[in-house]
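# Observations on chain architecture
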Amino acid sequence: MDPALLREREAFRKKALATPSVEFKKKKDDSPFKDDSKKKSKSSSSASSAPKLDANNYKTMAGSSSYRFGVLARIVRHMRARHQDGDDHPLSLDEILDETNQLDVGNKIKQWLQSEALQNNPKIECTQDKYIFKPVYKIKDKKSLLRLLKQQDLKGLGGIFLEDVQESLPHCERALKNLAQEILYITRPTDKKKILFYNDKTANFDVDEEFVKLWRATAVDAMDDAKIEEYLEKQGIKSMQDHGPRKPIAPKRKKVSQKRRQFKKPRDNEHLADVLETYDDNTLTQKGVSIK
């Protein structure tokens, strides 16, 4: 290597070591105010970028389906209340919205109510662009209610729910109070709903008090059918054996015979069974006798 270059390098190194140098380190900033300011700036920017709510279009934005069904539910409740109060004349859509204080709904919701929602609702009946409540039973007074209960009893259809009567009959409480002697109330144990039956007084008969006492003294709530049948057999009573639900018996399948099918011989010309025909020399043979 060139000695002149080595001397220059050594001189540069000595000069660099002789000159002092100061290194500045960055200080860590532990103050929480900077982060808060950054967060605030970010939140303010995101808030500014979000769309602003407008009083004119807030009903047509996201979530409008829930608003539409809320309008429909309010209409159905109002129509039911009108029917229960005795108002049975039909109303147009504008009259319904006016009575339910919903005149501020948009045109899209009006179109949806008129063309789809009210047309297909099972509780609303449409007649000539006017709407009326459709009850479960078409009863208007206590006479029609009593007639309905009699028909249910005669046809063996059972009772009707009290809530359906309250929904269908205007001024229901007054009619039920007047028909208290003609109606029987039964509470269903599964859901505690009350069911109305016609009180057929022709089926009433007097029961001896001794039988009533025996009936009330015998408790069979904790006994199943097998235990009851066993108790009756011990007492010598066999009249209950043929009662109660029976288990269906599966029909027996016929066994398929594995014998081979025998093809029947044709029965034509059975009277000529002993006759053998030969066509070569035009002769008939029968028991050794040949006839030309």
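Quantities reported herein were computed from a predicted structural model and do not represent experimental measurements. (Residues numbered from 1 in each chain as written. Predicted model: local features only at pLDDT ≥ 70, side-chain atom pairs only at ≥ 80, totals over all residues. Heavy atoms only, no water.)

For the rest of this paragraph, the subject is the pattern of salt bridges. The full count for this structure, using the stated rule, is six salt bridges. Measuring nitrogen to oxygen at the nearest pair gives 3.8 Å for the salt bridge that ties arginine 82 to glutamate 99. One end of the pair, arginine 82, is in helix α3 (residues 64–84); the other, glutamate 99, is in helix α4 (residues 93–99), and 17 residues separate them in sequence. Two residues, glutamate 163 and lysine 193, come together in a salt bridge whose shortest N-O distance is 3.3 Å. Of this pair, glutamate 163 sits in helix α7 (residues 162–168) while lysine 193 sits in the loop between β4 (183–187) and β5 (194–198); the two residues are 30 residues apart in sequence, bridging distant segments of the chain. Take glutamate 163: its relative accessible area is 42%, and that puts it in the partly exposed class. (Salt bridge = Lys/Arg side-chain N within 4 Å of Asp/Glu carboxyl O. Helix = DSSP H or I, 4+ residues; strand = E, 2+ residues; numbered from the N terminus. Buried < 20%, exposed > 50% of the residue type's maximum accessible area, 1.4 Å probe, protein only.)

Before going further, it helps to examine the environment of serine 115. Position of serine 115 relative to the elements: it lies in helix α5 (residues 107–120). What makes serine 115 partly exposed here is its relative accessible area of 47%. Among the polar contacts listed, one links the side chain of serine 115 to the backbone oxygen of glutamine 111, at a separation of 2.6 Å. (Polar contact = N/O pair within 3.5 Å; in protein donor to acceptor, adjacent residues only side chain to side chain.)

Now for the sheet that holds β4. The sheet built from three strands is open, its strands ordered β3-β5-β4 with antiparallel pairing. What marks the edges here is a single partner per strand, and that holds for β3 (160–161) and β4. Judged from the two bridges that link them, β3 and β5 form a sheet pairing that is antiparallel. Looking at the pairing, phenylalanine 161 lines up with isoleucine 195 of β5. Running over the sheet, helix α6 (residues 142–154) touches β3, β4 and β5 and is turned about 85 degrees from β5. (Pairing = 2+ DSSP bridges. Contact = heavy atoms within 4.5 Å. Axes fitted to C-alpha atoms, helices over the stretch in contact; angles between N-to-C directions.)

So, on to helix α1 (residues 3–18). Along its 16 residues, α1 runs 23 Å from first to last C-alpha, staying within 8% of the 22 Å computed at 1.5 Å per residue. Burial runs low along α1: only zero of the 16 residues are buried. (Expected span 1.5 Å × (residues − 1).)

Another point: the nonpolar core. If you look at the biggest cluster of nonpolar residues, it comprises 18 residues, and the most contacted ones within it are Leu72, Ile75, Leu113 and Leu118. Beyond its immediate sequence surroundings of up to four residues, isoleucine 75 is in contact with Ile96, Leu97, Gln102, Leu113 and Leu118. Counting residues in hydrophobic clusters, the runner-up holds 16 residues, among them Leu162, Cys172, Leu179 and Tyr198. (Core = buried A, V, L, I, M, F, W, Y, C linked by side-chain atoms within 4.5 Å.)

With that settled, the discussion passes to α5. The end-to-end C-alpha distance of α5 is 19 Å, a good match for the 20 Å that 14 residues give at a rise of 1.5 Å each. Along α5, the positions that sit buried rather than exposed are Ile109, Trp112, Leu113, Ala117 and Leu118. In the core, the buried residues of α5 are packed alongside α3, α4, β1 (124–127) and β2 (130–133).

This part is about the pairing of β1. With four bridges connecting them, β1 and β2 associate as antiparallel partners. Its bridge partner lying in β2, isoleucine 124 is registered against phenylalanine 133. In this antiparallel pair of consecutive strands, β1 and β2, the connection spans two residues, and glutamine 128 shows a positive phi of 55 degrees.

It is worth spelling out the packing of α3 against α5 at this point. Axis separation between α3 and α5 bottoms out at 11 Å; the angle between their running directions is 60 degrees. It follows from the interaxial angle that α3 and α5 lie oblique. Relative to α5, α3 is oriented so that their crossing is right-handed. Where α3 approaches α5, its residues Tyr67, Arg68, Phe69, Val71, Leu72 and Ile75 are matched on the opposing element by Ile109, Trp112, Leu113, Ala117 and Leu118. (Parallel < 35°, antiparallel > 145°, perpendicular 65-115°, else oblique. Left-handed = near helix turned anticlockwise from the far one by under 90°.)

Attention now moves to a negative patch on the surface. A cluster of like negative charges, contributed by Asp224, Asp225, Glu229 and Glu233, occupies part of the molecular surface. In this structure, glutamate 229 sits in helix α10 (residues 225–234). (Patch = residues over 30% accessible without salt bridge, like charges linked within 9 Å, V, L, I, M, F, W, Y side chains within 5 Å. Areas by Shrake-Rupley, 256 points an atom, 1.4 Å probe, with all protein chains shown as cover. Lys, Arg positive; Asp, Glu negative; His and termini not counted. Charge placed at Lys NZ, Arg CZ, Asp CG, Glu CD.)

Here the focus is the confidence of the model for the chain. Chain-level pLDDT for the chain is 76 on average; 68% of the residues reach the 70-or-more range. Taken as a whole, residues 45–63 scores under 50 in pLDDT and shows four contacts with residues more than four places along the chain or in a different chain. (pLDDT = per-residue confidence, 0-100.)

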